[in-house]
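# Residue-level structure breakdown
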Amino acid sequence: TDDFDKRLLNTFAKVWFGDFMFQSGFTFYTGYVLPKCANHAQFMDHIDQLPPVDTPEAFGLHPNADITYQENTAMTLLDTMLNIQPKDSSSGGGETRESVVQRQANDMLERLPALYVPHQVKARLQKMGSIAPMNIFLRQELDRMQRVIMSVQLTLTDLNLAIDGTIIMSENL
C-alpha cells in the first residue's frame, strides 16, 4: 500500500466507524443495520435475512452501476461462448487444433519428471539430518512439488482422454 491507500482507509474509518454506530436507528444503508446479537446463531439468522444481491446504492454507487455490471457480465459470457466454439480449419490439410493440443500435451507428459519415491526421499533426508531447518524446508518443498507434478500429469492425461472422446471435457481442462 502507499500513502494514498492509508489516507483513503483513514477517511473511511473516520466517516463510517465511531460511537455513533451503536446508537439506535443507525443504518449503513436502508436495511443494513448493525445487528445486536448475543450468540452465533443470532448472527447467522441476521445474515440469512440480508438480501441475496446487494444494490449498488449499498456501496455508495449510482444505480446505473448495476446496469453496467449486467452488461459486462453478458458480454463476458457471450465472448466466452464464442471462444469455446470449434474453429473451422482451413482446407489445406494441416493439423487440427485438437491434434496440435494433443501433440503438445504428449510432449509435456514425456518431459514431466517422474514422481518422487517417498521412502527414498525420507531415507536421503534422514542421512542429511531430518531435523535440520533447511531439510525440513526441503521436505515441504518436495511435498509441494510432488503435488504439482501429480496435478499436471493428471490434467494432461485427462486432456488427452477428453480430446479422444473418452471423457467429457471439463471447465478445468
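Residues numbered from 1 in each chain as written. Predicted model: local features only at pLDDT ≥ 70, side-chain atom pairs only at ≥ 80, totals over all residues. Heavy atoms only, no water.

## Regarding the overall build of the chain
Along the backbone of the chain there are six helices and two strands. Along the chain direction, N to C, the helices and strands of the chain fall in the order α-β-β-α-α-α-α-α. Taking 2.2 N^0.38 as the reference for a compact globule, 173 residues should give roughly 16 Å; the C-alpha atoms of the chain span a radius of gyration of 28 Å, well beyond that estimate. For the chain, the C-alpha atoms occupy an extent of roughly 70 × 60 × 40 Å along the three principal directions. Considering the chain as a whole, with its 173 residues, one finds that 10% of them fall into the buried category. Of the accessible surface of the chain, which amounts to about 14,500 Å², a share of 60% is contributed by carbon and sulfur atoms. Looking at the chain, you have 14 positive and 21 negative side-chain charges, and the mean spots of the two groups are 14 Å apart. (Helix = DSSP H or I, 4+ residues; strand = E, 2+ residues; numbered from the N terminus. Rg over C-alpha atoms; globule rule 2.2 N^0.38 Å. Buried < 20%, exposed > 50% of the residue type's maximum accessible area, 1.4 Å probe, protein only. Areas by Shrake-Rupley, 256 points an atom, 1.4 Å probe, with all protein chains shown as cover. Lys, Arg positive; Asp, Glu negative; His and termini not counted. Charge placed at Lys NZ, Arg CZ, Asp CG, Glu CD.)

## Brief notes about the packing of helix α5 (residues 118-128) against helix α6 (residues 133-164)
Packing of α5 against α6 leaves a shortest axis separation of 10 Å and a crossing angle of 165°. Between α5 and α6, the angle falls in the class roughly antiparallel. The two elements α5 and α6 meet at a crossing, and its hand is right-handed. Note on element contacts: α6 touches α5 through N135, L138, R139 and L142, opposite V121, K122, L125 and M128. Partitioned by chemical class, the residues of the contact of α5 with α6 number five nonpolar, one polar and two charged. (Axes fitted to C-alpha atoms, helices over the stretch in contact; angles between N-to-C directions. Parallel < 35°, antiparallel > 145°, perpendicular 65-115°, else oblique. Left-handed = near helix turned anticlockwise from the far one by under 90°. Contact = heavy atoms within 4.5 Å. Nonpolar A, V, L, I, M, F, W, Y, C, P; charged D, E, K, R; others polar.)

## A few points about the pattern of salt bridges
Taken as a whole and judged by the stated rule, the model has three salt bridges. Ionic pairing is found between D107 and R111, a salt bridge with its closest N-O pair at 3.1 Å. Highlighted residues: D107 and R111, both in helix α4 (residues 97-111), separated by four residues, approximately one helical turn. For D107, a relative accessible area of 35% translates into the label partly exposed. For R111, a relative accessible area of 58% gives the class exposed. (Salt bridge = Lys/Arg side-chain N within 4 Å of Asp/Glu carboxyl O.)

## Looking at the packing of aromatic side chains
Here the structure, examined in full by the defined rule, presents two aromatic pairs. Between F20 and F26 the ring centres are 5.6 Å apart and the planes differ by 65°, which places this aromatic pair in the edge-to-face class. On the accessibility criterion, F20 (32% relative accessible area) is partly exposed. Ring geometry for Y29 and Y32: centres 6.2 Å apart, planes at 45°, overall tilted. For Y29, a relative accessible area of 28% puts it in the partly exposed group. (Phe/Tyr/Trp six-rings, centres within 6.5 Å; stacked < 30°, edge-to-face > 60°.)

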